Amino acid sequence: MLHEREAEIRSAGRAIEALTGPVGTEVGELLLYTGAAGLGKTAVLTEVRRAARRAGCTVLFGRGGQRQCHEPFHVVRQLVRPVLAALSDEERARVFGPWEDVVGPAAGLSAPRGQLDPQGVRDGLDFVLTRLVQLRSPVAVLVDDLHWADPESLGWLAGFAVRARELPALLVLACRDEFPDDALALQRGLADRADRRHELRPLRPDSVAHLVRAALGTQAEDAFCRHVWAVTAGNPYETAALLREVADQRLDPVEESTGQLRELAATARGMTLRHWLDRLGPTTLRFAWAASVLDTDIRPDLAATICAQGPETAAQSIRELRRHRVLTGTQAGRLEFVHPLVATSVYQSMPPAARTGMHGVAAVELENAGLGLLAASRHLLEILPEGDGAIVDKLRRAAREHLAIGAPEAAQRCLRRAISEPPADEDRATVLYELGCSALLTDPATTVNQLRLALADPYGLGPGLRVDAVFRLAQALAHSNRVDEAAALCAEEAARTSPGPGRLRLEVAHFMFAAFQSEDADGPGRSRRLAEFDRTLGTVGLAFTDLGAGADAGADAVPGGAVFERDGLAHAVAVLRCWDLTLRGADSAEAIALGESALPGGRLPRSLGWTNTTWGFELPGILGISYLYADRADRAEELFGEAVRAYEVAGWSGGHLGFAYLLTGMLRFRCGDLAAAEDYLRRALRIARRIGPRTPLHWDAVGALTETLAARGRLEEALDLAREHDFGPPYPTVMALPDAPTLYGRLLLARGDAAGAAVTLAAAGEALDARGWRNTVWAPWLGHLARAVAAEQPDRARELAREGVRRARESGTGSAVGSALRLCAAVHERPRAVELLTEAVGLLERSPARYEEALALVDLGEVLGCGAGGRGALTRGLELAVGCHADGLAERARGLLGAG
């Protein structure tokens, strides 16, 4: 099988030499072998594996399986479990670090503890493999039959291939030219990243002649050898199979025999049921069928049980299958097919009834053997629907196990199969609900579709599950930039829900999603209704219980333990009122008092926890922003730091962690650490790009990063980013952080388009005033509009700026007033400007807003001029600007100092 493969082997040898060079010179590479079935990819990979071991590499090996391609992390487990399981306790701690609870379940080394985010598992695997490479370098990672790798493993490999270049790690992959549709993009992405790519070609006639004479004797005639090459097209596997048929038929390798070669080649290639029966006999063939159902890493005892053979009969079957070169043994005492083509042929020779029956038995026996529903579920997918409630139950439990290791697509396959079983009428809506929830972290569109079906099902959901389904549906709509629909859905459902905790939860949810709408025709009225709801909540005479977490939840138990008790509702409403007052620009002390009431003992209650599914991350997020806008950066930092830790520990590396990075970036910006802000916001944007364009996270990350780049003095880069991501009108229906129209107007002003900025900022201000949102930190439109119109309308500009100051003073927040005073000074003459800026500096230096303080100092220095007072302000402003990494402001301060 290695004829004409010398160049490919030498290429791998050079890669291994580079990997095992002197310390500090190791080079990681990606080596890819492609070609049609039977061209020798497995043989080449086997030789590379041996060479890597001889060179002292730690070798991780895995193989995709045609019937195991829907078993999540199947290839990953083959790669890492043998090595990780053999680590000492000390080594294990070093390799896993904080990721053991995330990676352990996916690697099959520990039991899962809760639902994991797929991206978190991939990130954790990156961390663990990186640490493993550092511990056991050099490392060679080999994957055969990549075209049959499960999507979870393939998705991780596609990302790890990029990181591996920076490590003493060699990736060697082998795959066929043809790919399944769902894996095509990832496999092509890997192929594009390959440092060395080798496409295996058919053998030349002289190599085939060598094989013929090695198998049949040196007397084989040239014409016979040439005909063998012609009928096999130089395919090494088909050549070897044909030569075995020739030997079995005792055909002389002479020219007169060539007429029979095509028929023998067709027999060797086709391997029909008749072929296998004639060759193996019925008893041995049944064992081969059972082995093909298991596919790879075949346990002889399980195969024997599946085909109902006792130990002696099974042992005889194994001997026969080895003799006929169907199966071979492994070092671990397992069995494997000598070639994937043989496995495919045996599997396809099974009559449909026998195939379905064996998959059914395999599902039971794998579970009985302690391998769990993760391994058994792929067999359940192959059996025919019969309306079996027990199968539905197993598929639902398998889906929960898949979710627990970060494999939502596998969970969804199980739940869709459960629906086709079908479940009992009274259970159908619940299965649809579970299918919808399984996609909540990764595929909002699927969540929306399935939850709508669950809610419309004639048999319906119990009250508890119905409320939760509506809330999950509203979440999915909101995260898809359909927040208006989310708010309306909760209001409509609340109106037809009986009084009780479920109805109250929906009413609170309505207020929550309405708070995120960018437009609201009745903003002030909604604020009054929220305050009235808060007052009446404490008087509601209901016996509240902890549905979903308590033992009495029964059929309405909500996955994730949704908390509906009175305190949980009160805390949620307190946060919403805190946010409402914050956006309205009301007294910050009153807003913060409400926020503190939602934090018993100074900490988030369970119902508001970052990973708790009762309300989601929105409520703790807006609570932290309220603290930030009220100059309580210390409290905001506690909350946002807890968010990052909670999501990283839970392995939630998708939108949740992206949102935590966004909030942390906003905190760093507000506190004047612009470099750190940029770093966190770029992380948020990377995650947002993975999720998709124009989602709330994507929009907010682009807006906040654009503002940060402009503050750092990189205006052109900020404008390019805004253009790249279409940051501008039309604006999303979900409220942006910071206010998108205001920020867009400020960008126009910075670019020198005062007229365009004036139009944009005036329209933004009109919409905000109509809603009653007067917070001058979140949307400082008045001061910037004043600057935009100052040249043409100086009196109007001063009035606008004074109104900005009045509103800022209403909030009582030092940074808000200081910033408003600074903007007001920009439209006044020198004496008044000096007064305003002096007061602004005094307020800002007592706030956490270091960048705003630097701006005020530089402005003050510029107004004061070249005297001692001016130079002192400029020097202090320069020091702060440098500390904030505000390079543009620092350059401006240096220029003013030099000019003086």
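Residues numbered from 1 in each chain as written. Predicted model: local features only at pLDDT ≥ 70, side-chain atom pairs only at ≥ 80, totals over all residues. Heavy atoms only, no water.

Concerning the overall build of the protein chain
Working step 1: When its secondary structure is counted, the protein chain shows 44 helices and seven strands.
Working step 2: With the C-alpha coordinates of the protein chain rotated into their principal frame, the extents come out at 110 × 70 × 50 Å.
Working step 3: Relative to its 900 residues, the protein chain shows a buried fraction of 58%.
Working step 4: Summarising the internal contacts of the protein chain: among those between residues at least 6 apart in sequence, 68% fall at separations of at least 24. (Helix = DSSP H or I, 4+ residues; strand = E, 2+ residues; numbered from the N terminus. Buried < 20%, exposed > 50% of the residue type's maximum accessible area, 1.4 Å probe, protein only. Contact = heavy atoms within 4.5 Å.)

Considering the pairing of strand β1 (residues 29-35)
Working step 1: Counting buried positions along β1 yields seven of seven residues, so the element is predominantly enclosed.
Working step 2: Alignment of β1 against strand β4 (residues 169-176), held across seven bridges, turns out to be parallel. Note that in β4 the partner of Y33 across the bridge is A174. (Pairing = 2+ DSSP bridges.)

Regarding the pattern of salt bridges
Working step 1: One pass over the full model with this rule turns up 65 salt bridges.
Working step 2: For E707, the salt bridge identified is with R746, shortest N-O distance 2.6 Å. In this pair, E707 is assigned in helix α34 (residues 696-711) and R746 in helix α36 (residues 740-751), connecting sequence segments 39 residues apart.
Working step 3: When salt bridges with common partners are traced through the structure, they connect D769, R774, E799, R802, E803, R806, R807 and E810 into a single cluster. (Salt bridge = Lys/Arg side-chain N within 4 Å of Asp/Glu carboxyl O.)

Things to note about the side chain of T706
Working step 1: Of note, T706 is situated in helix α34.
Working step 2: Assessed through its relative accessible area of 0%, T706 is described here as buried.
Working step 3: Here T706 is in contact with A718, L721, A722 and L747, once residues within four sequence places are set aside.

Observations regarding the pairing of strand β2 (residues 58-63)
Working step 1: In terms of burial, β2 is a largely internal element, six of the six residues being buried.
Working step 2: Here β2 shows two buried faces, one formed by T58, L60 and G62 and the other by V59, F61 and R63.
Working step 3: Bridge count for β2 against strand β3 (residues 139-144) is six bridges, and the pairing is parallel. The partner of F61 across the bridge, within β3, is L142.

Here's the deal with the confidence of the model for the protein chain
Working step 1: For the protein chain, per-residue confidence averages 89 on the pLDDT scale, and residues scoring 70 or more make up 93% of the total.
Working step 2: Across the protein chain, element-level confidence peaks in helix α40 (residues 814-825) with a mean pLDDT of 98 and bottoms out in helix α8 (residues 181-193) with 58. (pLDDT = per-residue confidence, 0-100.)

Digging into the nonpolar core
Working step 1: F287 and F513 are the most contacted members of the largest nonpolar core, which totals 218 residues.
Working step 2: In this view, F287 contacts P300, A303, A304, C307, Q309, A314, S317, I318, L321, L327 and L335; residues no more than four positions away in its chain are not counted.
Working step 3: Residues V76, V103, W156 and A169 belong to the second largest nonpolar core, which totals 46 residues. (Core = buried A, V, L, I, M, F, W, Y, C linked by side-chain atoms within 4.5 Å.)

Notes on helix α16 (residues 311-323)
Working step 1: Here α16 is 13 residues long and its end C-alpha atoms lie 18 Å apart, about the 18 Å a rise of 1.5 Å per residue gives.
Working step 2: Buried residues of α16: A314, S317, I318, E320 and L321, and no others. In a view along the axis of α16, the buried residues occupy a sector of 165 degrees, so they form one face of it. Opposite the buried face of α16, by more than 90 degrees, sit the exposed residues P311, E312 and R323.
Working step 3: Packing partners of the buried residues in α16 comprise α13 (273-280), α14 (282-294), α15 (300-306), β6 (327-329) and β7 (335-337). (Expected span 1.5 Å × (residues − 1). Arc of directions from axis to C-beta.)

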